[in-house]
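# Residue-level structural notes
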Amino acid sequence: MELILTNARIVSMQAGSAGYQPSEPMNVLIQNGQMTAISTKAIDTDAKRIDCSGKLVTPGLIDCHTHLIYAGNRANEFEMRLQGMPYQTIAAQGGGIISTVKATRRASVDELVELALPRLDGLLKSGVTSVEVKSGYGLSLNDEVKMLRAAKALENHRRVKITTTLLAAHALPPEYIGRADDYIEHVCQTIIPQVAEEKLATSVDVFCESVGFNLAQTERVFQCAQTHGLQIKGHTEQLSNLGGTALTARYQGLSADHIEYLDENGVKALAESGTVATLLPGAFYFLRETQKPPVATLRAYQVPMALATDMNPGTSPFADLTLMMNMGCTLFGLTPEETLRGVTVHAAKALGFAETRGQVATGFDADLAIWNIDHPADLSYQVGVPRLHARIVDGAFCHD
């Protein structure tokens, strides 16, 4: 299968400032799902031609942290919180994450897919071509497996690339209250081996926090994941500084996510390991937090910063990655270039695809977004104005 884009002004996102500047009109040859030639000169081929008419072409956006698969709705909790009810009270009344767990456990794979598709469509309309989807609302072997199967099934319904992550260590299920160590043992002895054997996920994540799991429990999961050939990710330093980011870095984790309370030692650990720092401004905004991630320190240590929606029912119900780019600028002080790198080249690295996704370059996957804009800063500037002309996923043109 061949395709050629003509008159494309490319924003390649390759290293250096030039990677952010739109090029002169270029031709891009796509063969078998990869970009094989990029040139200002005409490319002699019988491939189908698409005239971009000077539109901007960027890498397809990558949402590297979502909880897209779940059942239930927590809009009522949002309203109760705004009226002053503490989260602890809401949880005691059967709300919070456990309400999502109960609803998700009741749903079938097909129902979970049907519920997730509108959320996925929101991401696709914002130029997304790759999405990471975590489990974590099942908290049992059968239900975590069910969530991962539903996530992988999304590729059968939409032109998108799905990467799955096992987040069984997300919260303590009701049947294990007071027995966190026993649950972690169940995760390590039963859930991880089964998920690895069925190849349902490529990574394992842990919510390492005072309201989640401690360092020793997190390390136990990391060790088990590595034994079974799975990569490491971490929900770390969101509410306090427990050292989960440094632990993730010590295990050569792909990314440490949230990191609002990260200190300089943790940043240094990321820099030394090459682990990506994933910023999630949607949760920061939705929860009206005040502790910002240490962006200046991350810059000083040249830690790559990814940006993601954290799309979930409780703390970040947003299905628009360009909205996160705007929030990254307005809430965290990122530049438009940093936000675009955060949803392309750095997001690709956060998923383990640094050599194949996130750049417009020969040899990379032909996952592209074509935009009706003049400059890439517009992607962080406006929200709600349609700008996407089309997506290309694995070389297939998608006029969404």
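Located above this text is the structure these notes cover.
A short tour of the structure in this document, coming up. (Residues numbered from 1 in each chain as written. Predicted model: local features only at pLDDT ≥ 70, side-chain atom pairs only at ≥ 80, totals over all residues. Heavy atoms only, no water.)

## So, the side chain of Thr104
Put simply, the rule reads: The way it works is that DSSP assigns letters per residue, a run of H or I at least four long becomes a helix, a run of E at least two long becomes a strand, and they are numbered from the N terminus. In what follows, residue pairs with any heavy atoms lying within 4.5 Å of each other are defined as contacts.
Assignment of secondary structure puts Thr104 in helix α3 (residues 97-106). In contact with Thr104, other than residues within four places in its own chain, are Tyr70, Ala71, Leu112, Tyr137, Lys146 and Met147.

## Examining the sheet that holds strand β9 (residues 203-208)
Definition in use: Note on pairing: DSSP must find at least two bridges between two strands before they are called paired. Whenever a helix is involved, its axis is fitted only over the stretch in contact; in every case the axis is a line through C-alpha atoms, and angles between N-to-C directions fall within 0 to 180 degrees.
With parallel pairing, the eight strands of this open sheet are ordered in space as β6-β7-β8-β9-β10-β11-β12-β13. Each edge of the open sheet is held by one strand with a lone partner, namely β6 (61-63) and β13 (305-307). Adjacent strand axes in the sheet meet at a mean angle of 25° when their direction is disregarded. As defined by bridge partners, β9 adjoins strand β10 (residues 231-236) across six bridges and the pair is classed as parallel.

## Quick notes on the packing of α3 against helix α5 (residues 141-153)
To characterise two packed helices, one gives the angle between the axes of the helices and the distance between these axes. This is how it is decided: Every angle not falling under 35 degrees, over 145, or within 65 to 115 is termed oblique; those three ranges are roughly parallel, roughly antiparallel and roughly perpendicular. All amino acids are sorted into three groups, where Ala, Val, Leu, Ile, Met, Phe, Trp, Tyr, Cys and Pro are nonpolar, Asp, Glu, Lys and Arg are charged, and the leftover types, Gly among them, are polar.
Contact geometry for α3 and α5: axes closest at 10 Å, N-to-C directions at 75°. What the angle tells us is that α3 and α5 run roughly perpendicular. Contacts between α3 and α5 pair Thr104, Arg105 and Arg106 from the former with Asp143, Lys146 and Met147 from the latter. For the contact of α3 with α5, a count of residues per class yields one nonpolar, one polar and four charged.

## Some remarks on the layout of surface pockets
For clarity, the cut-off: A cavity here means a set of points on a 1 Å grid, drawn over the protein atoms and nothing else, where a 1.4 Å probe fits but cannot get out; a pocket is an open set with protein on both sides within 12 Å along at least five of seven lines, and a residue lines either one if it has an atom within 4 Å of a point. Grid points are joined across faces, edges and corners, and a volume is the space filled by probe spheres set on the points. An automatic or database domain assignment supplies the residue ranges for each domain.
If you add up the space inside the largest pocket, you get close to 1,000 Å³. Along its surface, the largest pocket is lined by 35 residues, and Tyr87, Ile97, Phe207, Val211 and Thr315 are the ones closest to its centre. Looking at the lining of the largest pocket, the elements that each hand over two or more residues are α2 (87-92) and α3. Per-class residue counts for the lining of the largest pocket are 17 nonpolar, 12 polar and six charged. Roughly 260 Å³ of volume is contained in the second largest pocket. Lining of the second largest pocket is provided by 17 residues; of these, Lys125, Ser126, Pro386, Arg387 and Leu388 occupy positions nearest its centre. Every element with two or more residues in the lining of the second largest pocket is listed here: α4 (109-125) and β15 (388-393). For the lining of the second largest pocket, the leading source of residues is β15, giving three residues. For the lining of the second largest pocket, the two domains that each supply at least three residues are domain 1 (2-60 + 359-398) and domain 2 (66-351).

## Focus on the environment of Tyr176
On the secondary structure map, Tyr176 appears in the loop between β8 (161-169) and α6 (180-197). Sequence spacing of Tyr176 and Gly314 is 138 residues, and the spatial spacing of their C-alpha atoms is 22 Å. Not counting the four nearest positions on each side in its chain, Tyr176 is found in contact with Asp182, Tyr183 and His186.

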